[in-house]
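For reference, the chains in residue letters:
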Amino acid sequence: MSSTLLKNFIHGRYVSHNDNTCFDVINPATGEIIYAVEAASEALLEQSLLSAQQGFIKWSKTPAIERARILQRAAAILRERNDELARVEVLDTGKPWQEAAVVDVQTGADAIEYFANLCPSMMGEQQSVGDDFFYTRHEPLGVCFGIGAWNYPLQIACWKAAAALAAGNSMIFKPSEETPRGATLLAEILIEAGVPAGVFNVVHGDGKVGNYMVEHPAIAKVSLTGEVGTGKKVMAAAAGTLKKVTMELGGKSPLIVFDDADIDEAVTGAMIGNFYTQGEVCTNGTRVFVHQDCYDAFLERLLERSKNNVIVGNPLDPKTNLGALISSSHMHKVLDYIQLGKDQGATLAFGGERIKPLGCENGFFVGPTIFTDCTDDMRITREEIFGPVMSVLKFATEDEVIQRANNSDFGLAAGVFCKDIRRAHRVIAQLEAGICWINAYGNSPVEMPVGGYKQSGIGRENGIEAFRSYTQTKSIYVGMNKLEGPF
Ligand code: TXE
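It should be emphasised that the depicted structure is a prediction, and the values quoted were computed from it without experimental measurement.

Now for the site of the ligand. Near the ligand there are 27 residues, and of these Trp-150, Thr-230, Leu-249, Cys-282 and Glu-384 occur at the shortest range. At 2.7 Å from an oxygen atom of the ligand is found a main-chain nitrogen or oxygen belonging to Gly-148. Isolated, the ligand exposes 840 Å² of accessible area, and the fraction of that covered by the protein chains is 89%. Only helix H8 (207–215), strand S11 (221–225) and helix H9 (228–239) provide two or more residues apiece to the shell around the ligand. Looking at side-chain class alone, the shell around the ligand contains 10 nonpolar, 10 polar and seven charged residues.

This is the structure we're talking about:
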C-alpha cells in the first residue's frame, strides 16, 4: 500500500479537502503502487484560482530584477537537490537514472535560470509621431494554466513555470496523473526561493480536472504538453473564453541518412532518436529514411549496436540505458503496434518483445525494436507509438525523401545526417518540422525555441519567443497638442 499521500499545493502549502478522491501512482519498473494522490475537487480548484489571482497581483508588481533574483535562487536549489529530484523522476517515470541524473533536473534549472536572466530585458518601445508619441508596455497575461505530460514531468513543469513567472504571471500547473510528484516538489522549491504564495500552485487529477481549468474564465492562457488528440480537446475547450494556447504535441518525425553520412554518427542519432527515454520522447525520429547506397552498412551497424549496447534493466541501476514504459496499458499499446507492424508486412529485424529484467519482472519493459521493409502507408510509420520502436525505410533521391518525410499530419521534428553542408541545409529548409537537427539529434538547449508545425503544436517553448508569448502588448498614444475635432 502507498506510504504517503501527495496533496495539492496551493498558496504555499499542501492542502486537503473533505471529498478525498484519490488515485495511485505506480512505479513502472516494478508495477507497485508507490504513493497515492488527492485529486483536486472543484472547490479546491476554485481555491487555487483565488490564490493564483492574489499571487498574480503581488508578483506582477514585483520589480523584474527582484523576480530574477528569486528565480535564480530556485534554479540553484534545483541543482543542489539534483540527485533527490532525479530519483523522484526515475521512480515516477521508469526512465534510466543515467538520463534523469544529468538531463531532467538540469534542463529544468537551466530554463528557470535563462528566463530569470530575461526578466529585466522586457522593455517597451517609444516612437514619436510629429509632436505626439506613443509607447508600448509588455504586460503579463494574468493566471496561466500549465498541463504536463508524463515523460519529463519536472522538466516540463520548469519549462512552463520559468517563462510564465519570469514574465510576471502566476501559474496553476497540473502534472500528468501518472507522474505528479516532480512538479509538486518544484512548487515547494519556488516557495523556498521566495516566490510569493499563489504564484505557482499545483493541482492533481486527470483530464477532467484539466478541462475544468481550461474552460475557466479566470485562466488567461493554457500551455499543454501532450498528445495531439488532447491538444484538439484543449483548444476546443479554450475557445469558449478565447484564451491563448501553447501546444507542445506529438509527432512521427523523419530522420534522414544520406549516402555520404558518417554511418556511426547516423546510427547514434537513430538510436538516440528511438531508444532514449525508452522511446517516450515527442521529438523522436521514428521514421529513419536511409539512402539505398548506405542502407546495408547502416543496418549492419544498427543491429550490432542494438544487440550489444542497449541495457534494459532496473532504471535505478546506473548501467541501465533503457528503462520501463510508463504504464501497463502503454506497454500493451506499444506491443500492439509491434504486432500490427508484423501483420502489415514489415520485417521485425530486432527485438519486439516484452522484457522482464531480474528484480523488475513485473515492470513494463519492451526491448529496443527495429522494423525494416517498412512502407509509408503502414500504421507503424504513420502513427506515434511512443515506445522504443524504430521504422527503417529506404530511399533513392533527395526529392523523393523530402516528399515522403513531409507526407504526415505531424510536423514536430526532423534530422538530417550528411557531410554535404549545402545539401543538409537545402533539405532541412524543405522539411515541414519545427525542431530540426543536422548531424545531431535530441539536443534542446533552453535558448532554442521548440515547437511543432502542422498538428504537432502551436507556439513555442523556450527561447525569447516563449518569454514574449507570456506577455501582451499595450500601445499608449500621447497627444501633446490641444485636441481638436470635427464635432
Ligand atoms: O499525453 P496526454 P501524455 C506528447 C507525446 C505523447 C504525449 C504523451 O508526443 O503524444 O505527450 O504524454 C491532460 N483537458 N509530448 O500521455 O494523455 C492529462 O491529464 C485538459 C509532446 O501525458 O495527452 C495530462 O496531464 N487536460 C511534447 C496531459 O493532458 C487534459 C513532449 C497530457 O496527457 C485533457 C513530451 C483534457 N481534455 C510529450 N485530457 C512536445 N511536443 O514537446 C488529458 N489532459
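After presenting the structure, the write-up continues.
Turning next to the pairing of S11. Counting buried positions along S11 yields five of five residues, so the element is predominantly enclosed. Side-chain alternation along S11 places Lys-221, Ser-223 and Thr-225 on one buried face and Val-222 and Leu-224 on a second face that is also buried. Relative to strand S12 (residues 244–248), S11 is paired through five bridges, and the arrangement is parallel. Counterpart to Leu-224 in the pairing with S12 is Met-247. A crossover links S11 with its parallel partner S12, the connecting element being H9, and its sense is right-handed.

Let us now look at the sheet that holds strand S5 (residues 32–38). Judged by pairing direction, the sheet is mixed, and its three strands sit side by side in the order S1-S5-S4 without closing on themselves. One side of each edge strand has no neighbouring strand; the edge strands of this open sheet are strand S1 (5–6) and strand S4 (22–27). Inspection of the sheet shows S4 paired to S5 by six bridges, in the antiparallel sense. If you follow Asn-27 over to S5, its bridge partner there is Glu-32. In this fold helix H3 (residues 82–93) packs onto S4 and S5, with an angle of close to 100 degrees to the strand it touches most, S4.

A few words now on helix H6 (residues 153–166). Residues spaced three or four apart along an α-helix point in a common direction, a consequence of the helix completing one turn every 3.6 residues. Taking 1.5 Å per residue, 14 residues should reach 20 Å; H6 reaches 20 Å between its end C-alpha atoms and fits that length. Within H6, 14 of the 14 residues are buried, which leaves it mostly tucked inside the rest of the structure. Of the residues trailing H6, Gly-168 is marked for its positive phi of about 100 degrees.

Take the nonpolar core next. Among the nonpolar cores identified, the biggest contains 92 residues, and Leu-71, Leu-78, Phe-115, Leu-165, Leu-186, Phe-200 and Phe-298 are the most heavily contacted of them. With sequence-adjacent residues up to four places away left out, Leu-186 is seen in contact with Leu-78, Ile-112, Leu-154, Ala-157, Cys-158, Ala-161 and Phe-200. Grouped together as the second largest cluster of nonpolar side chains are 32 residues, Ile-256, Phe-289, Met-378 and Phe-395 included.

What counts and how
Residues numbered from 1 in each chain as written. Predicted model: local features only at pLDDT ≥ 70, side-chain atom pairs only at ≥ 80, totals over all residues. Heavy atoms only, no water. Near = heavy atom within 4 Å. Polar contact = N/O pair within 3.5 Å; in protein donor to acceptor, adjacent residues only side chain to side chain. Areas by Shrake-Rupley, 256 points an atom, 1.4 Å probe, with all protein chains shown as cover. Helix = DSSP H or I, 4+ residues; strand = E, 2+ residues; numbered from the N terminus. Nonpolar A, V, L, I, M, F, W, Y, C, P; charged D, E, K, R; others polar. Buried < 20%, exposed > 50% of the residue type's maximum accessible area, 1.4 Å probe, protein only. Pairing = 2+ DSSP bridges. Right-handed = clockwise from strand over helix to strand, strands pointing away. Contact = heavy atoms within 4.5 Å. Axes fitted to C-alpha atoms, helices over the stretch in contact; angles between N-to-C directions. Expected span 1.5 Å × (residues − 1). Core = buried A, V, L, I, M, F, W, Y, C linked by side-chain atoms within 4.5 Å.

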